[in-house]
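Residue-level structure breakdown
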Amino acid sequence: MGEPMEDGGGAGRSADGGGGDEEAPKGTLEEESPQRNSRNMVMMAITPKDYETKYWPELKSAIDQLLRAIPGQYLPLSYEQVYSCVYKCVCKQLSERLYEDLVKHITNHLETLSVQLQSHAGTDCRCYIEKFGFSLNQYLQALQGIVPVFNYLNRFYIELKLKQDLTAELKKLFVKFVADRHIDTLISLLDNVHLRPLSISPSVISTLIINLHKIRPEYAQLRPQLFARYIPNILPPCSINELNQYKQEVQQMQRDLLTHPEFFSGDQGRKRPCEDDLSLKVPETCLSSANSSWQ
């Protein structure tokens, strides 16, 4: 019963003078405890040099890994450690600088990407469309990792002080430095691809159109008919007077598919040789006997 009473302080020690040596460490801890938090905060202090040489380089490396990762690829990234860096920077009043560095670094990445995409624009339209679609999808996948890592910055600086949202702001960066610079060329090429069915995988075009609408819905107004093929409610509701027009569009699409060399109306590989035209394969004797039996 003597051990719990030791926490009582000096009264327990005066009652038993022989225990003075044992109680000294406890008394020391009790005296230090009121200052423990303040000393820890001093130890956690981040100088500008610490930020530039330790915290930001680690965060920058994590951002680069996320931006360059292939969708679905495993990243050997310690999210807990990176999140801890963000937390410490925000607690040490470095939110403004951290956000500026984040935006600047991603902007540099997107400007480089835009130049790379431009090099494909005048050479191979298929490669250009596929590269643009992959880059946009890759960026949106990266945001799913970047935004959670900087969640503390988003909650206590971007949303609270700037009245903005990190996800929306990072999407705007892609629009400003990549999409707006390529959208006219891209839309024109996508229109031409529609005239040549199956020249590019339909899934590639579908994902690209959906992602373009996701980062900026106003793009749909540039080519409503194009976006309406993949996204609902782009066009106004259909009226009875427009049924003939839609019928003609469907018929034209069917004609385009039938004239395409890679389009097959059915699975020809599963047909038996005699199924191409049975009327030409049946012997005449069989036909005459069949006719007599019907009569």
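The structure this text deals with has already been given above.
Structure report, in brief.

Conventions and cut-offs
- Residues numbered from 1 in each chain as written.
- Predicted model: local features only at pLDDT ≥ 70, side-chain atom pairs only at ≥ 80, totals over all residues.
- Heavy atoms only, no water.
- Phe/Tyr/Trp six-rings, centres within 6.5 Å; stacked < 30°, edge-to-face > 60°.
- Helix = DSSP H or I, 4+ residues; strand = E, 2+ residues; numbered from the N terminus.
- Buried < 20%, exposed > 50% of the residue type's maximum accessible area, 1.4 Å probe, protein only.
- 1 Å grid on protein atoms, 1.4 Å probe; cavity = no way out; pocket = protein on both sides within 12 Å on 5 of 7 lines; lining within 4 Å.
- Points joined across faces, edges and corners; volume = space filled by probe spheres on them.
- Nonpolar A, V, L, I, M, F, W, Y, C, P; charged D, E, K, R; others polar.
- Salt bridge = Lys/Arg side-chain N within 4 Å of Asp/Glu carboxyl O.
- Axes fitted to C-alpha atoms, helices over the stretch in contact; angles between N-to-C directions.
- Parallel < 35°, antiparallel > 145°, perpendicular 65-115°, else oblique.
- Left-handed = near helix turned anticlockwise from the far one by under 90°.
- Contact = heavy atoms within 4.5 Å.

A word on the packing of aromatic side chains. Considering all chains together, one arrives at 6 aromatic pairs under this definition. Measuring from ring centre to ring centre gives 4.6 Å for Tyr152 and Phe156, while their planes differ by 40 degrees; the resulting arrangement is tilted. Remark: Phe156 and Tyr152 occur in helix H8 (residues 151-158); sequence separation between them is 4 residues, near one turn of the helix. Among the residues examined, Tyr152 registers a relative accessible area of 17% and is labelled buried. Among the aromatic residues, those joined into a ring-pair cluster are Tyr128, Phe132, Tyr139 and Phe174.

Attention shifts here to the layout of surface pockets. It is the rolling of a water-molecule-sized probe over the atoms that shows where space remains empty. Roughly 670 Å³ of volume is contained in the largest pocket. In terms of lining, the largest pocket is formed by 23 residues, of which the most central are His194, Gln225, Arg229, Tyr230 and Met253. The biggest single contributor to the lining of the largest pocket is helix H12 (residues 243-258), with 7 residues. Looking at the lining of the largest pocket residue by residue, the class counts come to 16 nonpolar, 3 polar and 4 charged.

Right, let's get into the pattern of salt bridges. Enumeration according to the criterion identifies 7 salt bridges in this entry. Residue Arg126 is joined to Glu130 by a salt bridge in which the shortest nitrogen-to-oxygen separation is 3.3 Å. Placement of the pair is Arg126 and Glu130 together in helix H7 (residues 125-149), with a separation of 4 residues, close to one helical turn. Salt bridges linked by common partners bring Glu52, Arg97 and Asp101 together as one network.

Put simply, helix H6 (residues 95-121) and helix H9 (residues 166-194) touch, their axes get as near as 9 Å, and they point 25 degrees apart. By the angle between their directions, the pair H6 and H9 is classed as roughly parallel. In this structure, the crossing between H6 and H9 has a hand that is right-handed. Contacts between H6 and H9 involve Tyr99, Leu102, Val103, Ile106, Thr107, Leu110, Glu111, Leu113, Ser114, Leu117 and Gln118 on the former and, on the latter, Leu166, Glu169, Leu170, Leu173, Phe174, Phe177, Val178, Arg181 and His182. Classifying every residue of the contact of H6 with H9 gives 13 nonpolar, 4 polar and 3 charged.

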